[in-house]
Amino acid sequence: MSRGVNNKKRLIRLFRRKRKELLSVFWAATTIFIFWGRGWGWSEVLENQKEKDRVFFQAYQDALVAFKRLKLEEAQKAISRAIELRPNDPRTIVLAARIYLKQKDYERAEKELYKVFKIQPDYGPAYQYLGEVFFAKKDFKEALYRFEQAALHDPMNKEILLKRIYCEIGLGRLIGAENLLSELSAFDEASPGYYFARAALCRFQKKYADEKNFLDTARILYGNDAFSQYLADYESLFAKKQTLN
């Protein structure tokens, strides 16, 4: 009787040990399966994300190239694709605003730029191009305020500085323009801003011969392409479209 009981106890212990081993194997297999499944899933997610990123950057690049070539409808279609993929990317919104600005749709450009401040309040280019919107509308007071905000984020940007000078002149503030002019250099090889700022001051003071000399110097030093690019804003400041020879 005692032997039978002992055998039964041994069988129970053996069964329990085997069951424990089987459970360990089962959970190990289950864990491996889960992690393998997750790994496969994450791999697929990463591949999908890479493809979305590629499509986004291609759409953004297409929009920027078309914008530079002044193919504005093409640029608008491309930037719309980019915004669909990344609706909260400030770069895409700013480029969309620049396209509207070039089309002289100032209301939509302004609306787009205010979206950026809700997403990234310290995004400097949004302030700069908001300044451009008000400058184009000849609201020089508001434009100056926005350019000053842009300068806080990008203090070395000479294009912003030139626009601040233009705004001071547009507001009739000669001293303010002259103070800012001291920050530009006649020896800047990259930008003719100094010569355009000096010419603008001469125009404001009705020194037309000196104005022409500064503009002629800018054309000679920086070439016709750069000269024409800067001339557009210069003429906009004075609300005239003249061809200066």
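Residues numbered from 1 in each chain as written. Predicted model: local features only at pLDDT ≥ 70, side-chain atom pairs only at ≥ 80, totals over all residues. Heavy atoms only, no water.

## Description of the pattern of salt bridges
Taken as a whole and judged by the stated rule, the model has twelve salt bridges. E110 is the partner of K137 in a salt bridge, and the nearest nitrogen-oxygen pair spans 3.3 Å. Of the two residues, K137 is situated in the loop between α5 (124–136) and α6 (140–153) and E110 in helix α4 (residues 106–119); the sequence distance between them amounts to 27 residues. A salt bridge links E211 to R203; the nearest nitrogen and oxygen atoms lie 2.7 Å apart. Take R203: its relative accessible area is 12%, and that puts it in the buried class. The network of salt bridges with shared partners includes D53, R86, D89 and R91. (Salt bridge = Lys/Arg side-chain N within 4 Å of Asp/Glu carboxyl O. Helix = DSSP H or I, 4+ residues; strand = E, 2+ residues; numbered from the N terminus. Buried < 20%, exposed > 50% of the residue type's maximum accessible area, 1.4 Å probe, protein only.)

## Focus: the confidence of the model for the chain
Confidence along the chain averages 86 in pLDDT terms, with 78% of residues attaining 70 or more. The low-confidence segment residues 241–245, where pLDDT is below 50, has eleven contacts with residues more than four positions distant or belonging to other chains. (pLDDT = per-residue confidence, 0-100. Contact = heavy atoms within 4.5 Å.)

## Quick word on the packing of helix α7 (residues 158–170) against helix α10 (residues 208–237)
Interaxial distance between α7 and α10 falls to 10 Å at its minimum, and their mutual angle equals 20 degrees. Taken together, α7 and α10 sit at an angle that is classed as roughly parallel. Classified by chirality, the crossing of α10 by α7 is right-handed. Only Y230, D233, Y234 and L237 of α10 make contact with α7, whose side of the interface consists of E159, L162, K163, Y166, I169 and G170. (Axes fitted to C-alpha atoms, helices over the stretch in contact; angles between N-to-C directions. Parallel < 35°, antiparallel > 145°, perpendicular 65-115°, else oblique. Left-handed = near helix turned anticlockwise from the far one by under 90°.)

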